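Secondary and tertiary structure notes
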Amino acid sequence: MHHTTTLLIEVGALLFLLGLLGRLSRRIGLSPIPLYLLAGLAFGHGGLLPLAASEEFFAVGAEIGVILLLVMLGLEYSANELVGNLRAAAPAGLIDGLLNALPGAAFALLLGWDWVAALVLAGITWVSSSGVIAKVLADLGRLGNRETPVILSVLVIEDLAMALYLPLLTAVLAGTGLLGGGIALGVAVGTVLLVLVVAIRYGNLISTAMSAKDPEALLLGVLGMTLLVAGIAAKLQVSAAVGAFLVGIALSGPVAHNATELLTPLRDLFAAVFFVFFGLVTDPRDIPPVLLPALALAIVTMATKTLTGYLAARRVGIAEPGRWRAGLALVPRGEFSIVIAGLAVAAGSVEPKLAALATAYVLITVVTGPMLARLPDFAWFKRWLRQRGAAQRAQPAPVAD
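Residues numbered from 1 in each chain as written. Predicted model: local features only at pLDDT ≥ 70, side-chain atom pairs only at ≥ 80, totals over all residues. Heavy atoms only, no water.

Per an unreviewed UniProt entry, the recorded name for the chain is Cation:proton antiporter, and the organism is Micromonospora reichwaldensis. What UniProt states about the chain under its Subcellular location (unreviewed entry) heading is, verbatim, "Membrane". Checking UniProt for the chain, the heading Sequence similarities (unreviewed entry) contains the comment "Belongs to the monovalent cation:proton antiporter 2 (CPA2) transporter (TC 2.A.37) family." (UniProt positions renumbered as here; feature names shortened; annotations may be inferred.)

As structure tokens, this is what we get:
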């Protein structure tokens, strides 16, 4: 009874604090993710006031948070949209992977870490934060801009890539090696393709099994099916997150729309719990030694991510200002980076400094990213673009032989 009382007090106090931090973040125009991470660091191992009784609750809540993040991501796209985006944005996705995953892997090897840690850090530096970027675009009034579809296409390709990367990473972290990882990747590819085919041909039948008109039945049905499929996927070593993502893709029409509205508050709650839990299991005393490496990695990969968006926008004929807006908007890392680092921490067999490095890295990019996204709106930046354009036009055209 005493343990239950302590648990209620700790969970209630921390959730109330998160509410205040979320409100503060929106007032100052930043994502709440860094504040949630800092709260976890303050009340976790080595923090100001360690909370022991609630750690198990937050561990379970963190797993549910990852699952809800992925199912909501799947609900945003139909199977046809995913296939169309995959075909149109595949070249940009390839450039994105090369420019942003390889620096993370190389950085881990330069630090003397093994290839497994390199694989983890590659994923952490690769994927931008869809949640933070969507909020930044909305706040800056750019949702209708010409470059916005380019940004969204890059994010969709990253999401699809994660459906293949996460099973591979899960198998490798479980100690099955490259062979086991290859088998897991093959199973994941087959599963994704199967679900896409089923969703395209029979998506309406799946959705009719749910009642879009009954909110309670819809919430219980979608949530129950998501947790069930995620659990089965985890048993098959495909990754619970990928299973949840596929459930979201399979649902369509009014069911998907209403499920999104019903699940959004739950997602926000458990996503906050997830970020806090990652902070709880990271000792803040481990961060100062990795702060400079994290800053160096952030500078390099913020530049490569900006180049990714710039090249992707140029490829479809976007003008110079739009190219810079696309590139700078893609800078923040967040949800997936922490998910990947969380998988590595849970496995317990990866470089001990990885969690601290990932926390510092995400904090730097998620705070700096929204600020950098505003650069193209400043007068001095517009003036620099005009001068750059004038200089390029003044250059003599090459003489043909």
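From this point on, the discussion continues.
Under the counting rule described, the total for this entry stands at six salt bridges. Notably, a salt bridge pairs Lys305 with Glu158, separated by 2.7 Å at the nearest N-O pair. Placement of Lys305 in helix α12 (residues 287-315) and of Glu158 in helix α7 (residues 148-173) is noted, with a sequence separation of 147 residues between them. A residue is classified by how much of its surface remains accessible, and Lys305, at 0% relative accessible area, is buried. A salt bridge links Glu320 to Arg323; the shortest N-O distance between them is 3.3 Å. Here the residue Glu320 and the residue Arg323 both occupy positions in helix α13 (residues 320-329), the gap between them amounting to three residues, near one helical turn. Salt bridges sharing common partners tie together Asp96, Glu158 and Lys305. (Salt bridge = Lys/Arg side-chain N within 4 Å of Asp/Glu carboxyl O. Helix = DSSP H or I, 4+ residues; strand = E, 2+ residues; numbered from the N terminus. Buried < 20%, exposed > 50% of the residue type's maximum accessible area, 1.4 Å probe, protein only.)

Before going further, it helps to examine the nonpolar core. Among the nonpolar cores identified, the biggest contains 99 residues, and Leu121 and Ile124 are the most heavily contacted of them. Sort the elements by how many residues they give to this core and helix α11 (residues 253-280) lands first, with 14 residues. Excluding residues that lie within four positions of it along the chain, Leu121 makes contacts with Gly104, Phe107, Ala108, Trp113, Leu297, Leu354 and Leu357. Within the second largest apolar cluster, 13 residues are counted, among which are Ile133, Val150, Ala313 and Leu330. (Core = buried A, V, L, I, M, F, W, Y, C linked by side-chain atoms within 4.5 Å. Contact = heavy atoms within 4.5 Å.)

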